[in-house]
Structures are given as structure tokens and as C-alpha cells.
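# Summary of the model geometry
The chain contents come next:
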Amino acid sequence: MRRIQGEETEGVTVTWENLWVTVPNGKNTLPILQGLTGYAQPGRLLAIMGPSGCGKTTLLDALSGRLSSNIKQKGNILINGHKQELAYGISGYVTQDDALLSTLTAGETLYYSAQLQFPDSMPVSEKKERADVTLREMGLQNAIHTRVGGWSSKGLSGGQKRRLSICIEILTRPRLLFLDEPTSGLDSAASYYVMRRIANLVQKDGIQRTVVASIHQPSSEVFELFHDLCLLSSGETVYFGPASDANQFFALNGFPCPTLHNPSDHYLRIINKDFEQEAEEGFGSRVTAEKAVSILVKSYSLSQIKNKVYTEVANINQRDFGAVEKKRDHAAFLIQCLVLIRRSALHYFRDLSNYWLRLIVFIAIALSLGSIYYDIGFGVGSIQARGSLLAFLSCLLSFMTLVGGFAPLLEEIKVFERERLNGHYDVTAFLIGNTFSAVPYMLLVTLVPGLISYYLCGFQKGPEHLVYFVSVLFAIVMWVESLMLVVGSVSPNYVIGMLISGGIQGIMTLVGGFYRLPNDLPKPLWKYPLYYVSFQKYGLQGLFKNEFEGLTFMMGQDGGGKNNINISGGEILIKTWHVEMGHSKWVDLGIFFVMIVVYRMLFLAITKSKEKLRPASICCFH
Ligand SMILES: Nc1ncnc2c1ncn2[C@@H]1O[C@H](COP(=O)(O)OP(=O)(O)OP(=O)(O)O)[C@@H](O)[C@H]1O
């Protein structure tokens, strides 16, 4: 297979010395990793093992520079003996959770990923071939046309999704690969085949790669594939060294592995302190797991094995590696944008729960509005009816967009977070992809219901009025989608995100100038600044000008009569709704679109600053 730039260089060695990771716990801090020292070398497969909650994922996150911002890290982590960041394409990370787009097939998922990750100079046929080979390696050849699946359709099984996630990260054969529980959800045969393929990678095509995998309960055969073992209990090192020597270490400390037992099962049973069980015989007397761990940790800290690890780390760090190559060629920015637009557009097209369902509900609401406000007329009652209809439309559209759109958006953001952290593409490319692929769908969900309500309700006629009316509805949908992007990028889950977005929208609606007239709004806070940053102000003001300007209403008895006084829509705007008439409705619409751009830029800024806020990129000294 032809090599791509970046594959032709040296392997990657990672060392960590006296690595402490702590999280705040009330007024104190809670240590998750306690002074770990170790290394991962090219051509070798390192297993991180230990009971659930012992810190395996945290160690992988620390080594790959992905710790979340509430976590503090101390100690040195060096790449090839240098303080340097892991550049694009140097490393891959298969996270514990599978973040995949539910509507794409396994094949499409990998083909799109290949287009993003491989350089443009590589022929399309070769990208596809690499994707096919990788799918076959992970035993997914029969699932190429199966959709990943979500709530609406059962697609890939949990184990198949796991293998697809691995495919995405091994596609480019990165020289440093982190895998968090790659075999969870797989049966023992599948676990073996998957791990064997991963083990083969460490020496494949004449390139030495470094693989670090956390793993639960490997079978004996899988365990034998690992060259090195890092065994943790409550964040402390129980053992670090060649996997094949661990048996001897346990036996020497009084915990020999019984014959015909799976060694990894044996180690994990002895060091699991979560249950009140007794450990195996330790030098003639039965000891608790707590005691067993303390014996093993102490023994390891005084052992020759530990000294060897320390010496090896020191030697590695003094070796002259040269710098890790900073960048591998990948898809150009424009190609990234185009691929992401195509991928998202396909996803939206197939996702019934997103725009299609919204469209149906919006049409039903538009028909209801049309029948309630049918042929609204020009009497005094129509003034109030027009105002409340426009306010209702604007409010309902914004809340329905949030209700229908937040869950699908969060799914996309999860995929984006995974791909961004693995450096598959630029954040700006995602934003462009998300924006342009959604525009036709946003137009659809505003145009069709907008036309229905416009004609049935008898709003002011004329192409300019129609275009403006639909444009504001479109801007409302786009503004809410932009708000959801911002909130989705900081919210830890669906419920919190919905509550925050709903709260923001509620306040903006309240101060938008309809429910309390602008001149009557209390000045500090509500009028300045909230009224002026409310999307509803610009949307409603524009819609009101569009509807009332140029019309004449009859005050008095509805439908005419001698005592009727004609009053212009402009006067109503000023006197009844306190609309600012100093600028045209197009200025209101312009400001609305500026707000949309500002929100999208805010998403960009938050996402980029989140990277900087991470406690320590892989290279930091503390
Ligand atoms: N961001 C965080 N804030 C607070 N505590 C955390 C954070 N990340 C991890 N922890 C805690 O650190 C401990 C280790 O978590 P970690 O996910 O690394 O364990 P693990 O060995 O990978 O577990 P499992 O095998 O169950 O996935 C847990 O008690 C967890 O609650």
C-alpha cells in the first residue's frame, strides 16, 4: 500500500514521569492518578488494565492531552523526548463511547472519513480502497450498507459500532494510537480478531507504531497479544512492565496465578477493592483486596522492575529523536467544507426526526393558524389579531425549532467533538458545513408553512411583503439553530442544554417588545441591554413594519359605517406597538442576520478556546 506523507518517519515514543491527576472535591482535591511513571514505545502494544474507575481513561486522556478543564495535571509527559503537541494525524484516539452519525451506513461513514483524513493528492479510488480494506480488517464487510442506526431504526449492533469507531481511527494508520476499551460489547472471538488486527498494526508496512489500549477482562489469547502491561488500582501503579513478567511479579508477592486460570482475570480479581471479598492466599494467610493492593503497590515501588522503568524513561528522554513531524497532508480546507456539507446534507435528508417531522408539524400549525385567522380583514379587531398572530408565529417557531432540533444537533456535535479532537478537520470547516448544509432545510421548514399561513391569513399582499415575511421566519429558525450550536458546545447533556436554550429564548421573547411595550420596559437590564440584544425585537419590529406599513384600518364598527375613522398602519405602529420608525424593516432584518453571524462566531470562539482551556496539552510541564 502506498505510503502517505507522515507515515514515512520515525515511530512515536511517549513517556510520563510522576504523573498526578487530581479533581476538585469540595474544598480538597481528589487524586485520580497518583505519581505514575511509564512509557509507550513504537512496535509495542501497551495494555492499561485495572478495576472499573481505577483511572484508565484518565491516563489515556492525559497522555493524549484531552483532560477536561476541571482536572489538574502535574508531571511530565514527553513525546519523543520533547515537549511538543501531538499534531494532526500523528495520533488517533478511539473513545469509550461511539459517536457516529446514525443515518449513515458503515461504508459511508468510513468513505466520508477517508475523504476528510487523506490528502487530496490521493486518488479517490485509493481512498475508497483503504476504507474497504479497513472495514474488512474489522470484519465489517457484510455491514457496509447497514446504517449505524438510532431511535428510529435498528442498525449496527453495539459491537459493530465499536469496530466502526476503531476503523475510523486506524484508517490512516496513525503512528500513535490510543484505544479506550476497544473490545467492549464484542464477543470473545470478535475481541480476539479485533485485538489481533490492532496488534498487527504495530509493525505493519515496515512502520513501527505505538498502541496504548485500556482493556477490561481480556481472554488469555488477547492478553498474550500485549507486549507491556500497566496495571492500576485506585490510580496507583500495581505493576508496569512486560506483560509476560506480571505472573512472576504476582507469584513473588504471594498471589500466584492458579494453573489454567486466565492471568488477567486473576490480577483483576486480586486488585479489585470495590467488593468486600477476600483475595487469594498471600504468603499463607488470606488477605483482603485492600491489603493485597497495598502489598503489591509497595512491592512494585521497591522493585527492580520499577527501577528499570525509571531508567528506561530517563534513557528515552535523553535519546536524540529529532522532532516528530508536525503535519501530515490531509484534505484541503475547501475539500473539508465540501465533504462536510455533503455529509450533513445527507444526514439531514435521512433523519426523519429533524427537519421532516418539523415540517409536518409546522404545516399543521400553519393550517390551524390559517383557519383561525382566515381573511383577517381591516377592522379594529384585525389590528390586535395581526399583532398577536405575528408574535405567536415568531414565538412558536423559535421554541419548536429548539424542541425539534436540539437532540439531532447534539448528535452532530458529539461526532464533531470526536473528529475535532482527532484532528480530522478544521473547526471552521465544520461550521461552514453545518451552516450551508442546513440552509435548504431551514428554507423548506419556513417557506412551506410560511406560504400557507401568509395566504390563508390574508397578510398584506405583494411579493416584497411575502419575501420579507418568509425571510424573517427563516432568520428566526437560523438564529435558534445558532443559539443551539453555542449552547450545545458548552452543555454537558441534552436536558441542561434544552433548559439553558429555552431560558434564553424565553427571556428574549419576554423583552422583545410585544408582551410589554418597549417604552414601558423597565430601563435597567430589561430595556438596556436585553431589549436591544433580543432577536424577537428585530424579528417582531420587522414583521410589524412589513404588515402594517401601507395599510389603512377602520376604527369604529368593523366592516364600515358612517362613524368610521381611517387610521394608517404607520400610526398604529407608533402608537399601539411603539415600533421604532427611524429605520426601514430591511435594517431590522440586517441586524437580525448580523446577530446570527455573531452567534456562529461565538461557537467558533468557544470551541477554539476550549482547546486552550484544557489543563495541559500533552507537552506541558508543571
Ligand atoms: N472530569 C472528572 N471530574 C471528576 N471526576 C472524574 C473526572 N474524570 C474522571 N473522574 C473520576 O476519576 C475516576 C477514574 O475515572 P476513569 O474514567 O479514568 O476510570 P476507568 O478506569 O476508565 O473506569 P471504567 O473502566 O469504568 O471506564 C472515577 O472515579 C471518576 O469518577
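Here the residue numbers are simple positions, counted from 1 along each chain's written sequence. Side-chain atom pairs in this predicted model are given and counted only at pLDDT of 80 or more, local residue features only at pLDDT of at least 70, and totals for whole chains, interfaces and linings cover all residues. The basis for every side-chain value is the complete set of heavy atoms in the structure, and neither hydrogens nor water enter the calculation.

## So, the domain arrangement of the protein chain
Inclusion rule: Each domain's limits were defined by an automated method or a database of domain assignments.
When its domains are assigned, the protein chain resolves into domain 1 (14-90 + 175-318), domain 2 (98-173) and domain 3 (333-607). Computed over C-alpha atoms, the centres of domain 1 and domain 3 are 52 Å apart.

## Here's the deal with the confidence of the model for the protein chain
Put simply, the test is: Confidence per residue, as judged by the predictor, is encoded in pLDDT with a range of 0 to 100. Working definition: helices are DSSP H or I runs of at least four residues, strands are E runs of at least two. Numbering for both runs from the N terminus. Residue contacts are defined here by distance: any two heavy atoms, one from each residue, within 4.5 Å place the two residues in contact.
Across the protein chain, the average pLDDT comes to 89, with 91% of residues at 70 or higher. Within the protein chain, no element has a lower average pLDDT than strand E10 (residues 278-282), which sits at 53, and none a higher one than strand E3 (residues 45-49), at 97. Confidence drops under pLDDT 50 across residues 1-8; counting only partners more than four residues distant or on other chains, this segment forms 31 contacts. Predicted confidence for residues 615-622 stays below pLDDT 50, and this span has 29 contacts to residues more than four positions away or in other chains.

## Overview of the site of the ligand
The following threshold applies: A molecule or strand has a residue near it when one of that residue's heavy atoms lies within 4 Å. Polar contact criterion, stated in full: a pair of N or O atoms within 3.5 Å, where within protein one must be able to donate a hydrogen and the other to accept it, and residues adjacent in sequence count only if both atoms are side-chain atoms. All accessible-area figures derive from a Shrake-Rupley calculation using a 1.4 Å probe, and residue coverage is judged against the displayed protein chains alone. For this classification, the nonpolar set comprises Ala, Val, Leu, Ile, Met, Phe, Trp, Tyr, Cys and Pro, the charged set comprises Asp, Glu, Lys and Arg, and every other residue, Gly included, is treated as polar.
Taken together, 16 residues surround the ligand, and among them Ser52, Gly53, Lys56, Thr57 and Thr58 come closest. Contact distances for the ligand include 3.0 Å between an oxygen atom and a backbone N or O atom of glycine 55. Side-chain polar atom of glutamate 181 to an oxygen atom of the ligand: 3.5 Å apart, as the coordinates give it. Taking 640 Å² as the accessible area of the ligand by itself, protein coverage stands at 63%. The leading source of residues in the shell around the ligand is helix H1 (residues 56-63), at three residues. Classifying every residue of the shell around the ligand by side-chain character gives five nonpolar, nine polar and two charged.

## Some remarks on helix H8 (residues 263-271)
Put simply, the test is: The classification of residues rests on relative accessible area computed with a 1.4 Å probe and restricted to protein chains. Under 20% of the type maximum is buried, over 50% is exposed, and intermediate values are partly exposed.
The buried fraction of H8 amounts to seven of the nine residues, a majority that puts the element mostly inside the structure. Among the residues of H8, those classed as buried are Pro263, Ser264, His266, Tyr267, Leu268, Ile270 and Ile271.

## Digging into the pairing of strand E8 (residues 228-233)
Selection rule: We call two strands paired when DSSP finds no fewer than two bridges between them.
In terms of burial, E8 is a largely internal element, six of the six residues being buried. The alternating pattern of E8 places Asp228, Cys230 and Leu232 and Leu229, Leu231 and Ser233 on opposite faces, both of which are buried. Relative to E8, E3 is paired through four bridges, and the arrangement is parallel. Among the inter-strand pairings, methionine 49 is bridged to a residue of E8, identified as leucine 231. Examined bridge by bridge, E8 and strand E9 (residues 236-242) share six bridges and lie antiparallel to one another. Bridge pairing links serine 233 to glutamate 236 in E9.

## Re a nonpolar patch on the surface
To be explicit about the condition: For patch building, the residue pool is restricted to those with more than 30% relative accessible area and no salt bridge; the joining distance is 9 Å between like charges and 5 Å between nonpolar side chains (Val, Leu, Ile, Met, Phe, Trp, Tyr). The rule for a salt bridge is simple: a side-chain nitrogen of Lys or Arg has to be within 4 Å of a carboxyl oxygen of Asp or Glu.
Taken together, the side chains of Leu334, Ile335 and Leu338 present a nonpolar region at the surface, about 270 Å² in accessible area. Along the chain, leucine 338 turns up in helix H11 (residues 333-350). Relative accessible area serves as the criterion here: at 44%, leucine 338 is assigned to the partly exposed category.

## Looking at the sheet that holds strand E2 (residues 28-40)
Short version of the rule: Axis definition: a line fitted to C-alpha atoms, limited for helices to the stretch in contact. Angles are taken between N-to-C directions and run from 0 to 180 degrees.
If you walk across this open sheet you meet the three strands as E2-E1-E4, and the pairing is antiparallel. Two strands in the sheet have a free side with no partner beyond their single neighbour: E2 and strand E4 (72-79). Within this sheet the neighbouring strands show an average axis-to-axis angle of 15 degrees, counted without direction. Contacting strand E1 (14-25), E2 and E4, H1 crosses the sheet at an angle of about 120 degrees to E1. Here helix H10 (residues 304-318) sits on the sheet in contact with E1, E2 and E4, set at roughly 70 degrees to E2.

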